Amino acid sequence: MVDIQKPVLSGVIAGDESNDTIVATTGGMVDVTLDAQAGNDIITGTNVNPNGVGILSSAIDAGAGNDTITGNATGPTSIGMADAKIYGAEGDDLFVARGTSAGIQGAILVGGAGNDTFDIQNGTGAIAGETGTDRLILAGSRADYTFTPIDDVENVINIQGAGTSIMTAGLEEFVFSSAPDTIVPVSEFFAGGTTQLPTDPGGGGPII
(Lines give C-alpha, C1' and ligand atoms only; values in the text may rest on other atoms or scores of the structure.)
Protein backbone atom coordinates (compact mmCIF):
# COMPACT_ATOMS: atom_id res chain seq x y z
CA MET A 1 0.00 0.00 0.00
CA VAL A 2 1.24 3.47 -0.92
CA ASP A 3 0.30 6.25 1.53
CA ILE A 4 1.42 9.72 0.47
CA GLN A 5 -0.03 12.80 2.16
CA LYS A 6 1.80 16.07 1.57
CA PRO A 7 0.83 19.75 1.25
CA VAL A 8 1.68 19.76 -2.49
CA LEU A 9 2.27 16.88 -4.88
CA SER A 10 4.10 17.09 -8.22
CA GLY A 11 6.21 14.91 -10.50
CA VAL A 12 5.94 11.18 -11.18
CA ILE A 13 4.12 9.07 -8.59
CA ALA A 14 3.48 5.32 -8.66
CA GLY A 15 1.05 3.34 -6.58
CA ASP A 16 1.01 -0.41 -6.17
CA GLU A 17 -1.60 -3.13 -6.51
CA SER A 18 -3.32 -2.43 -3.21
CA ASN A 19 -5.53 0.32 -1.75
CA ASP A 20 -3.43 3.47 -2.05
CA THR A 21 -4.00 6.88 -0.49
CA ILE A 22 -2.40 9.71 -2.44
CA VAL A 23 -3.37 13.15 -1.14
CA ALA A 24 -2.22 16.74 -1.56
CA THR A 25 -3.58 18.45 1.54
CA THR A 26 -3.33 22.23 0.97
CA GLY A 27 -1.60 23.19 -2.30
CA GLY A 28 -3.06 20.68 -4.73
CA MET A 29 -1.60 18.32 -7.30
CA VAL A 30 0.45 20.19 -9.91
CA ASP A 31 2.02 18.58 -12.99
CA VAL A 32 1.56 15.10 -11.54
CA THR A 33 1.91 11.93 -13.58
CA LEU A 34 0.30 9.18 -11.54
CA ASP A 35 -0.08 5.47 -12.23
CA ALA A 36 -2.01 4.23 -9.21
CA GLN A 37 -2.27 0.62 -10.48
CA ALA A 38 -4.89 -1.80 -9.16
CA GLY A 39 -6.72 -1.36 -5.88
CA ASN A 40 -9.47 0.80 -4.40
CA ASP A 41 -7.47 4.01 -4.38
CA ILE A 42 -8.15 7.42 -2.86
CA ILE A 43 -6.60 10.20 -4.94
CA THR A 44 -7.21 13.74 -3.72
CA GLY A 45 -5.88 17.15 -4.60
CA THR A 46 -6.99 19.88 -2.18
CA ASN A 47 -6.03 23.52 -2.63
CA VAL A 48 -7.00 26.13 -0.04
CA ASN A 49 -5.32 29.11 -1.74
CA PRO A 50 -6.92 31.98 -3.70
CA ASN A 51 -7.05 31.15 -7.44
CA GLY A 52 -6.03 27.60 -6.54
CA VAL A 53 -6.71 24.37 -8.39
CA GLY A 54 -7.15 21.01 -6.71
CA ILE A 55 -5.69 18.96 -9.58
CA LEU A 56 -3.81 21.00 -12.19
CA SER A 57 -2.12 19.97 -15.45
CA SER A 58 -1.87 16.35 -14.34
CA ALA A 59 -2.24 12.94 -15.98
CA ILE A 60 -3.77 10.33 -13.68
CA ASP A 61 -4.46 6.65 -14.32
CA ALA A 62 -6.32 5.36 -11.29
CA GLY A 63 -5.97 1.73 -12.37
CA ALA A 64 -8.41 -1.13 -11.86
CA GLY A 65 -10.53 -0.95 -8.73
CA ASN A 66 -13.25 1.20 -7.21
CA ASP A 67 -11.36 4.47 -7.04
CA THR A 68 -12.27 7.93 -5.76
CA ILE A 69 -10.57 10.86 -7.48
CA THR A 70 -11.25 14.29 -6.01
CA GLY A 71 -10.17 17.78 -6.97
CA ASN A 72 -11.23 20.21 -4.25
CA ALA A 73 -10.38 23.92 -4.17
CA THR A 74 -11.81 26.12 -1.45
CA GLY A 75 -10.12 29.50 -1.92
CA PRO A 76 -11.66 32.45 -3.78
CA THR A 77 -11.96 32.00 -7.58
CA SER A 78 -10.75 28.41 -7.41
CA ILE A 79 -11.28 25.35 -9.62
CA GLY A 80 -11.48 21.67 -8.69
CA MET A 81 -9.71 20.19 -11.75
CA ALA A 82 -8.05 22.13 -14.58
CA ASP A 83 -6.20 20.95 -17.69
CA ALA A 84 -6.12 17.45 -16.24
CA LYS A 85 -6.56 14.08 -17.94
CA ILE A 86 -7.91 11.46 -15.57
CA TYR A 87 -8.71 7.83 -16.37
CA GLY A 88 -10.64 5.73 -13.89
CA ALA A 89 -10.00 2.37 -15.62
CA GLU A 90 -11.90 -0.79 -14.71
CA GLY A 91 -14.12 -0.51 -11.64
CA ASP A 92 -16.88 1.66 -10.21
CA ASP A 93 -15.09 4.98 -9.96
CA LEU A 94 -16.16 8.28 -8.42
CA PHE A 95 -14.90 11.58 -9.80
CA VAL A 96 -15.58 14.64 -7.62
CA ALA A 97 -14.68 18.22 -8.59
CA ARG A 98 -15.41 21.24 -6.42
CA GLY A 99 -14.29 24.84 -6.74
CA THR A 100 -15.65 28.24 -5.84
CA SER A 101 -15.59 29.26 -9.53
CA ALA A 102 -16.00 25.92 -11.32
CA GLY A 103 -15.71 22.21 -10.81
CA ILE A 104 -13.67 21.56 -13.96
CA GLN A 105 -11.87 23.67 -16.54
CA GLY A 106 -10.44 22.07 -19.66
CA ALA A 107 -10.46 18.66 -17.98
CA ILE A 108 -10.83 15.30 -19.71
CA LEU A 109 -12.38 12.60 -17.52
CA VAL A 110 -12.77 9.00 -18.68
CA GLY A 111 -14.45 6.39 -16.52
CA GLY A 112 -13.46 3.15 -18.22
CA ALA A 113 -15.29 -0.13 -17.63
CA GLY A 114 -17.66 -0.05 -14.66
CA ASN A 115 -20.46 2.04 -13.20
CA ASP A 116 -18.83 5.43 -12.82
CA THR A 117 -20.10 8.68 -11.30
CA PHE A 118 -18.90 12.13 -12.38
CA ASP A 119 -19.91 14.63 -9.69
CA ILE A 120 -18.28 17.67 -11.27
CA GLN A 121 -20.45 20.66 -10.27
CA ASN A 122 -20.05 22.60 -13.55
CA GLY A 123 -17.35 23.94 -15.89
CA THR A 124 -15.70 23.05 -19.19
CA GLY A 125 -14.19 19.90 -20.64
CA ALA A 126 -15.06 16.42 -21.87
CA ILE A 127 -16.42 13.38 -20.04
CA ALA A 128 -16.63 9.81 -21.32
CA GLY A 129 -18.26 7.06 -19.34
CA GLU A 130 -17.34 4.13 -21.60
CA THR A 131 -18.93 0.79 -20.60
CA GLY A 132 -21.23 0.34 -17.62
CA THR A 133 -24.00 2.55 -16.25
CA ASP A 134 -22.40 5.94 -15.83
CA ARG A 135 -23.83 9.03 -14.19
CA LEU A 136 -23.16 12.77 -14.45
CA ILE A 137 -24.13 15.03 -11.54
CA LEU A 138 -24.40 18.76 -12.25
CA ALA A 139 -25.05 21.71 -9.96
CA GLY A 140 -28.43 23.40 -10.09
CA SER A 141 -31.42 22.18 -12.06
CA ARG A 142 -32.01 20.71 -15.49
CA ALA A 143 -33.43 24.05 -16.63
CA ASP A 144 -30.02 25.68 -16.07
CA TYR A 145 -28.55 23.83 -19.07
CA THR A 146 -29.11 23.25 -22.77
CA PHE A 147 -28.57 19.68 -23.94
CA THR A 148 -27.81 19.11 -27.62
CA PRO A 149 -27.94 15.41 -28.59
CA ILE A 150 -25.32 14.54 -31.21
CA ASP A 151 -25.06 10.74 -31.49
CA ASP A 152 -27.57 8.27 -30.04
CA VAL A 153 -25.25 5.30 -30.57
CA GLU A 154 -22.46 6.56 -28.32
CA ASN A 155 -24.78 8.84 -26.29
CA VAL A 156 -22.87 11.98 -27.30
CA ILE A 157 -24.38 15.15 -25.84
CA ASN A 158 -23.15 18.75 -25.82
CA ILE A 159 -24.06 20.58 -22.60
CA GLN A 160 -24.14 24.37 -22.37
CA GLY A 161 -24.99 26.59 -19.41
CA ALA A 162 -23.72 29.52 -17.40
CA GLY A 163 -19.99 28.86 -17.07
CA THR A 164 -20.45 25.38 -18.52
CA SER A 165 -19.49 23.83 -21.86
CA ILE A 166 -19.07 20.06 -21.66
CA MET A 167 -19.07 17.34 -24.31
CA THR A 168 -20.15 13.98 -22.94
CA ALA A 169 -20.21 10.46 -24.36
CA GLY A 170 -21.19 7.07 -23.00
CA LEU A 171 -23.28 8.36 -20.09
CA GLU A 172 -26.57 6.72 -19.15
CA GLU A 173 -27.88 8.87 -16.29
CA PHE A 174 -28.02 12.54 -15.34
CA VAL A 175 -28.73 13.97 -11.89
CA PHE A 176 -29.02 17.60 -10.78
CA SER A 177 -28.21 18.86 -7.30
CA SER A 178 -31.60 20.56 -6.96
CA ALA A 179 -33.28 17.14 -7.19
CA PRO A 180 -30.65 14.59 -6.09
CA ASP A 181 -33.10 11.70 -5.93
CA THR A 182 -34.34 12.14 -9.50
CA ILE A 183 -32.48 10.25 -12.23
CA VAL A 184 -32.89 11.52 -15.78
CA PRO A 185 -32.13 8.76 -18.30
CA VAL A 186 -30.06 9.71 -21.32
CA SER A 187 -32.87 8.55 -23.61
CA GLU A 188 -34.89 11.64 -22.69
CA PHE A 189 -32.38 13.87 -24.47
CA PHE A 190 -32.68 11.87 -27.70
CA ALA A 191 -36.49 11.83 -27.87
CA GLY A 192 -36.46 14.54 -30.55
CA GLY A 193 -33.59 13.14 -32.61
CA THR A 194 -30.01 14.36 -32.95
CA THR A 195 -28.43 17.64 -33.99
CA GLN A 196 -25.29 18.24 -36.05
CA LEU A 197 -22.98 20.77 -34.42
CA PRO A 198 -21.61 23.55 -36.68
CA THR A 199 -18.33 22.49 -38.28
CA ASP A 200 -15.05 24.35 -38.23
CA PRO A 201 -14.42 25.46 -41.87
CA GLY A 202 -10.74 24.76 -41.35
CA GLY A 203 -11.48 21.05 -41.03
CA GLY A 204 -11.10 20.89 -37.25
CA GLY A 205 -14.40 19.12 -36.64
CA PRO A 206 -17.37 20.35 -34.64
CA ILE A 207 -17.15 23.71 -32.95
CA ILE A 208 -17.83 23.27 -29.24
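Residues numbered from 1 in each chain as written. Predicted model: local features only at pLDDT ≥ 70, side-chain atom pairs only at ≥ 80, totals over all residues. Heavy atoms only, no water.

**Q** Please explain the nonpolar core as it appears in this structure.
**A** Among the nonpolar cores identified, the biggest contains 38 residues, and Leu109, Ile120 and Phe174 are the most heavily contacted of them. The element that contributes the greatest number of residues to this core is strand β2 (residues 21-35), accounting for 5 residues. Beyond its immediate sequence surroundings of up to four residues, Phe174 is in contact with Leu136, Phe147, Ile157, Ile159, Thr168, Thr182, Ile183, Val184, Val186 and Phe189. (Core = buried A, V, L, I, M, F, W, Y, C linked by side-chain atoms within 4.5 Å. Buried < 20%, exposed > 50% of the residue type's maximum accessible area, 1.4 Å probe, protein only. Helix = DSSP H or I, 4+ residues; strand = E, 2+ residues; numbered from the N terminus. Contact = heavy atoms within 4.5 Å.)

**Q** So what exactly am I meant to see when it comes to the pairing of strand β18 (residues 179-185) here?
**A** Side-chain positions along a regular strand alternate between the two faces of the sheet. Here 3 bridges tie strand β17 (residues 173-176) to β18, and the two strands are oriented antiparallel to one another. If you follow Phe176 over to β18, its bridge partner there is Ala179. If you look at the hairpin formed by β17 and β18, you'll find 2 residues sitting between the two strands. (Pairing = 2+ DSSP bridges.)

**Q** Quick question: what am I supposed to make of the pairing of strand β7 (residues 79-82) here?
**A** Relative to β7, strand β4 (residues 53-56) runs parallel, the two sharing 3 bridges. Within β7, the residue paired with Leu56 across the bridge is Ala82. Taken together, the 3 bridges between β7 and strand β10 (residues 102-110) define a ladder with parallel strand orientation. Note on β10: the bridge partner recorded for Ala82 is Gln105.

Purely geometric stuff here, so don't read any function into it on its own.
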